[in-house]
Amino acid sequence: MRATRGRSVILGPVRATNEAGYAAPIGLTADPVVFTLLDGALCVLLARRLEEPQRGMFALPGGFVGSAESPEQTAERKLREKTGVGSVHLEQLRTYAEPTRDPRGWLPSIAYMALVRPEILPASPPAHRDASWHPLAALPSLALDHARIVDDGLWRLHARVADKAWFVRVAGGLLAEQFTLGQAQRLYEALRGEEVDAANFRRDVRATGLLIDTGRTLHEGIGRPGKVYRRAP
């Protein structure tokens with residue numbers, strides 16, 4: 001590696017060994033996979049790379065773990081630096097450690113998943129990064145193995161949403177403060193990627209004990225008005 005006018009240029013893979021002489025990772029990165037629902041479409045947050053390798057391509061907004069922080073803290077920091085998104089609830093997704101996943105050398109990454117409201121992305125994110133929401137149905141080409149990480153994050157999201165308590169506690173943050181079970185079901189189906197039986201869904205969500213009946217009702221078209229709920233603190 002050499003410096004050219006303040007920018008590092010990768011000349012070839014970087015190699016490292018441990019004290020026993022065995023090959024070792026050259027560093028550690030953290031990559032947040034942040035999902036939202038925008039105009040009914042499930043989207044993921046991406047930003048352009050301003051550094052090599054694959055400079056200019058869209059990627060997950062992650063980066064190198066600092067020596068004085070945990071990988072989760074790095075994921076939060078990189079989200080702020082690259083997209084302007086503040087603190088979010090991150091769940092560890094998995095570790096990616098294939099020695100060939102990064103052309104710079106053996107560089108493992110710990111990925112995290114989050115589900116947030118779309119407006120958490122500021123109207124004026126950091127310049128030059130083009131931080132933006134991208135529908136999963138029309139993703140651009142992604143740098144490194146980030147397409148695989150997004151796929152794994154989607155699989156995890158589908159699995160987590162199946163837990164109705166998790167759905168109410170976490171995914172319910174995408175609903176208005178007060179909502180009907182019909183609105184909750186439409187959100188659930190959008191995140192799960194499939195339709196569900198209304199009666200079973202309502203029974204399971206009420207059984208979590210995490211909904212509070214406001215005593216109000218709301219007409220949503222033909223049929224009886226639906227009860228209005230809010231999430232328990």
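Above this text you will find the structure in question.
Residues numbered from 1 in each chain as written. Predicted model: local features only at pLDDT ≥ 70, side-chain atom pairs only at ≥ 80, totals over all residues. Heavy atoms only, no water.

Peer 1: Explain the sheet that holds strand β14 (residues 226-231) to me, and be specific about the residues and the numbers.
Peer 2: Taken in spatial order, the three strands line up as β12-β14-β13 in an open sheet, and their pairing is antiparallel. Every other strand in the sheet has two partners, leaving β12 (179-180) and β13 (211-218) as the edge strands with one partner each. For β13 and β14, the ladder comprises five bridges, and the chain directions are antiparallel. Its bridge partner being in β14, Ile212 is matched across the sheet by Arg230. (Pairing = 2+ DSSP bridges. Helix = DSSP H or I, 4+ residues; strand = E, 2+ residues; numbered from the N terminus.)

Peer 1: Explain the packing of helix α2 (residues 146-161) against helix α4 (residues 181-192) to me, using residue names and the numbers behind them.
Peer 2: Each pair of packed helices gets described by two things: the angle between the helix axes and the distance between those axes. At a closest axis distance of 9 Å, the pairing of α2 and α4 adopts a crossing angle of 145°. On α4, the residues touching His158, Ala159 and Val161 of α2 are Tyr188, Leu191 and Arg192. Considering only residue class, the contact of α2 with α4 consists of four nonpolar, one polar and one charged. (Axes fitted to C-alpha atoms, helices over the stretch in contact; angles between N-to-C directions. Contact = heavy atoms within 4.5 Å. Nonpolar A, V, L, I, M, F, W, Y, C, P; charged D, E, K, R; others polar.)

Peer 1: Can you break down unusual backbone geometry residue by residue, with the values?
Peer 2: That bond from Glu52 to Pro53 is cis: its omega, 0°, falls within 30 degrees of zero. Mapping Pro53 onto the fold places it in the loop between β6 (41-48) and β7 (58-59). Positive phi outside glycine occurs at Asp39, with the angle close to 55°. Tracing the backbone shows Asp39 in the loop between β5 (29-38) and β6. Owing to a relative accessible area of 80%, Asp39 belongs among the exposed residues under this scheme. (Buried < 20%, exposed > 50% of the residue type's maximum accessible area, 1.4 Å probe, protein only.)

Peer 1: Break down the pattern of salt bridges for me, citing the residues and quoting the values.
Peer 2: Applying the stated rule across the entire model yields 15 salt bridges. Across the pair Arg192 and Glu194 runs a salt bridge whose closest N-O atoms are separated by 3.2 Å. We classify Glu194 as partly exposed; its relative accessible area is 41%. Arg203 is paired through a salt bridge with Asp204; the nearest N and O atoms lie 3.1 Å apart. Judged by its relative accessible area of 47%, Arg203 is partly exposed. The class of Asp204 is partly exposed, set by a relative accessible area of 27%. Shared partners join several salt bridges into a network, and the residues in it are Glu69, Arg77, Lys78 and Glu81. (Salt bridge = Lys/Arg side-chain N within 4 Å of Asp/Glu carboxyl O.)

Peer 1: An account of the packing of α4 against helix α5 (residues 198-207) is needed here, citing residue identities and associated values.
Peer 2: It is at 10 Å that the axes of α4 and α5 come closest, and there the two elements cross at 100°. On the basis of their axis angle, the class for α4 and α5 is roughly perpendicular. Here Leu181, Gly182, Ala184, Gln185 and Tyr188 of α4 come into contact with α5, specifically with Ala198, Phe201, Arg202, Val205 and Arg206. Classifying every residue of the contact of α4 with α5 gives six nonpolar, two polar and two charged. (Parallel < 35°, antiparallel > 145°, perpendicular 65-115°, else oblique.)

Peer 1: Account for the side chain of Lys164, with residues named and values stated.
Peer 2: The topology assignment puts Lys164 in helix α3 (residues 164-169). Owing to a relative accessible area of 15%, Lys164 belongs among the buried residues under this scheme. The contacts of Lys164, once residues within four sequence positions are left out, are Tyr188, Phe201, Asp204, Val205 and Thr208.

Peer 1: Please provide a residue-by-residue account of the layout of surface pockets, values included.
Peer 2: Quantified by volume, the second largest pocket comes out at close to 350 Å³. Forming the walls of the second largest pocket are 13 residues, and the residues nearest its centre are Leu181, Arg202, Pro225, Gly226 and Lys227. Those elements giving two or more residues to the lining of the second largest pocket turn out to be α4, α5 and β14. Among the elements that line the lining of the second largest pocket, the one with the most residues is α4, at four residues. Tallied by class, residues from the lining of the second largest pocket come to three nonpolar, four polar and six charged. (1 Å grid on protein atoms, 1.4 Å probe; cavity = no way out; pocket = protein on both sides within 12 Å on 5 of 7 lines; lining within 4 Å. Points joined across faces, edges and corners; volume = space filled by probe spheres on them.)

Peer 1: Can you tell me about the environment of Leu191, naming the residues and giving the values?
Peer 2: By the secondary structure assignment, Leu191 is in helix α4. Since its relative accessible area comes to 0%, Leu191 is described here as buried. When the C-alpha atoms of Leu191 and Gly172 are compared, they prove to be 11 Å apart, with 19 residues separating the residues in sequence. For Leu191, the contacting residues outside a window of four places in its chain are Leu42, Leu115, His158, Val161 and Ala171.

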